[in-house]
Amino acid sequence: MMRFAWQSYRRYAMGKNELRPLTKDGYEGNMFGGLSGATVIDSLDTLYLMELKEEFQEAKAWVEENFHLNVVTGEASLFEVNIRYIGGTPLSLLPDGRGGELLLPCPWTIRLGEKLLPAFNTPTGIPKGIVNFKSGSNRSWGWAMAGSSSILAEFGSLHLEFLHLTELSGNQIFAEKVRHIRKVLRKIDKPFGLYPNFLSPVSGNWMQHHVSVGGLGDSFYEYLIKSWLMSAKTDTEAKDMYYEALEAIESHLLNVSPGGLTYIAEWRGGILDHKMGHLACFSGGMIALGAEDAKEEKRAHYRELAAQITKTCHESYALWLLIPTDTKLGPEAFWFNSGREAVATQLSESYYILRPEVVESYMYLWRQTHNPIYREWGWEGTAHWDPALSGRLLQPGSRTLNPENNLAFCFHNCEGSPANGSGGPLRRHESWGPRASTRQGCLPFLQALEKHCRTEGGFLRDPGRVQ
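- The chain has the name alpha-1,2-Mannosidase in an unreviewed UniProt entry, where Rhinolophus ferrumequinum is given as its organism.
- Its UniProt record gives the chain a comment under Cofactor (unreviewed entry), which states: "Ca(2+)".
- On record in UniProt, under Subcellular location (unreviewed entry), the comment for the chain is "Golgi apparatus membrane".

### Description of the nonpolar core
Part 1 of the reasoning: In terms of nonpolar packing, the biggest core is built from 105 residues, with L35 and Y85 touching the most fellow members.
Part 2 of the reasoning: If you tally residues by element for this core, the top one is helix α10 (residues 236–252), at 8 residues.
Part 3 of the reasoning: Excluding residues that lie within four positions of it along the chain, Y85 makes contacts with N17, F32, L35, S36, G37, A38, I41, F67, E80, W108 and L112.

### Let's talk about the UniProt feature "active site" (unreviewed entry) in the chain
Part 1 of the reasoning: In this numbering, the UniProt entry assigns the feature "active site" (unreviewed entry) to E80, D218, E332 and E357.
Part 2 of the reasoning: Turning to its location among the elements, E332 is positioned in the loop between β16 (323–324) and β17 (333–337).
Part 3 of the reasoning: You can call E332 buried: its relative accessible area is 14%.
Part 4 of the reasoning: In this view, E332 contacts G277, H278, E349, Y351, I353 and R355; residues no more than four positions away in its chain are not counted.
Part 5 of the reasoning: As for its position among the elements, E357 is in helix α13 (residues 357–369).

### A closer look at the environment of A38
Part 1 of the reasoning: With respect to the element layout, A38 can be found in helix α2 (residues 38–49).
Part 2 of the reasoning: Take A38: its relative accessible area is 0%, and that puts it in the buried class.
Part 3 of the reasoning: Considered as a pair, A38 and R84 are 46 residues apart in the sequence and their alpha carbons are 6.3 Å apart.

### So, the state of the cysteines
Part 1 of the reasoning: The tally for this structure, following the rule as stated, stands at 1 disulfide.
Part 2 of the reasoning: The disulfide bridge from C281 ends at C313, spanning 2.1 Å between sulfur atoms. On the sign convention where negative is left-handed, the bridge of C281 and C313, at about -95° about the S-S bond, is left-handed. In this pair, C281 is assigned in the loop between β14 (275–277) and α11 (283–291) and C313 in helix α12 (residues 296–318), connecting sequence segments 32 residues apart. Accessibility classification places C281 together with C313 in one group, the buried group.

### A word on the pairing of β17
Part 1 of the reasoning: The element β17 is extensively covered by neighbouring structure, given that 4 of its 5 residues are classed as buried.
Part 2 of the reasoning: Sheet topology places β14 next to β17; 3 bridges connect them, and they run antiparallel. The residue bridging M276 from the neighbouring strand is F334, located in β17.
Part 3 of the reasoning: By the bridge criterion, 3 bridges tie β17 to strand β18 (residues 340–343) in an arrangement that is antiparallel.

Thresholds applied
Every residue gets a number counted from 1 within its own chain, in the order that chain's sequence is written. Reporting in this predicted model follows two pLDDT cut-offs: at least 70 for local features of residues, and 80 or more for side-chain atom pairs to be given and counted; totals over whole chains, interfaces and linings ignore these cut-offs and use all residues. Side-chain numbers here rest on the full set of heavy atoms in the structure, without hydrogens or water. UniProt positions are given in the numbering used here, feature names are shortened, and annotations may be inferred rather than shown by experiment. Throughout, nonpolar core names a set of buried Ala, Val, Leu, Ile, Met, Phe, Trp, Tyr and Cys residues whose side chains join them through atoms within 4.5 Å. Three labels apply to residues, based on accessible area from a 1.4 Å probe with only protein chains included: buried if under 20% of the type maximum, exposed if over 50%, partly exposed otherwise in between. Starting at the N terminus, helices and strands are each numbered in turn, a helix being any DSSP run of H or I of at least four residues and a strand any DSSP run of E of at least two. For this analysis, residues touch if any pair of their heavy atoms sits within 4.5 Å. The disulfide definition used here is simple: a pair of cysteine sulfur atoms within 2.5 Å. Strand pairing is assigned whenever DSSP detects at least two bridges linking the two strands.

Quick look at the structure:
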């Protein structure tokens, strides 16, 4: 799958930000302010970890020869540039196995981070979503409360990369910017302990009481628990914020359908929309990941909650508009109303765009429990990506080459379970057949997947156990 995706990208769109599969050409888009190569940079760790050596060298050579910052003159998304480019460069710190050389020195990473700093020039220090690389001006998205708001999932998903920038550069300004965001969020009143999705960067007030663990909110919560884990469990502020937010979500958003499916609804000023977006399906894996460090009396509860949410998301893959799906892929959003459960009810939500969240939760639950059902569910989805990728079902962007293939690779190839401290091999499951060949070691995969998980004593408990 990864080789197919890379070869198609290289043939039709090498160096462009995205591949458009139907017209077979490249597309730069308007998210990156003139930057190119988003797919190349976002794919480096995947190619390296899958031991696609020739393809990795192609990508590495393109970055070294063709990636430049002198072309960045337009408007860029703070969030997208951060996660694709800044978040894509920790690979440069991994040794190549021959004396600790850097795989890909990226001196431009710090300069690019500096170009993002004007987004923070607001009365509150909460960054706006768009920064102009040429003028240094900033603005919010026009669709975000008529251009008046910043988005929780965007300004709340900078922490890991900006701490990394401070570590690389020695310049504390990057860490100070994201720590100030935390300070604002800790201080502001939150309805029932919930974090709404829209915040004014001018007044510091919530602009609309819409709460979602899916789109607009999702990665804010993910970054909290991962900040705790990747700090060698020293970032107690992130830990406290995560568990406080999870308790509020459970108290006010969590529901169980008449058919017994557990889901996280969306909240609009006290009124629930009984739906989940595909993006919200990462929460099963997140809750499983955080269960270990919860209060002892809550750990088993969170593990069961994670399993139930993941089961619900699997059900959304089994039905689509009340019809069993041949693809075993799920819709963009699914509802629980009028006797219908975990199904898309609108054509505008009945599409799949290579989202990895459901399989991500399968992976986390598999690594925590070793219950073979999660491998079976994972295979249901990944087995259908091959024909889907070459058909007309999907409209992928650069994501074609990264999260889904990373997750599938971990299911197929990783031995040991550093996530739960087990160094023993994962058992094969017969339904995986000849493609279930195992490869020694999941440690490098987790280093890339978790981006900055290099700190001894952090999420990877004992890196020496899995070689």
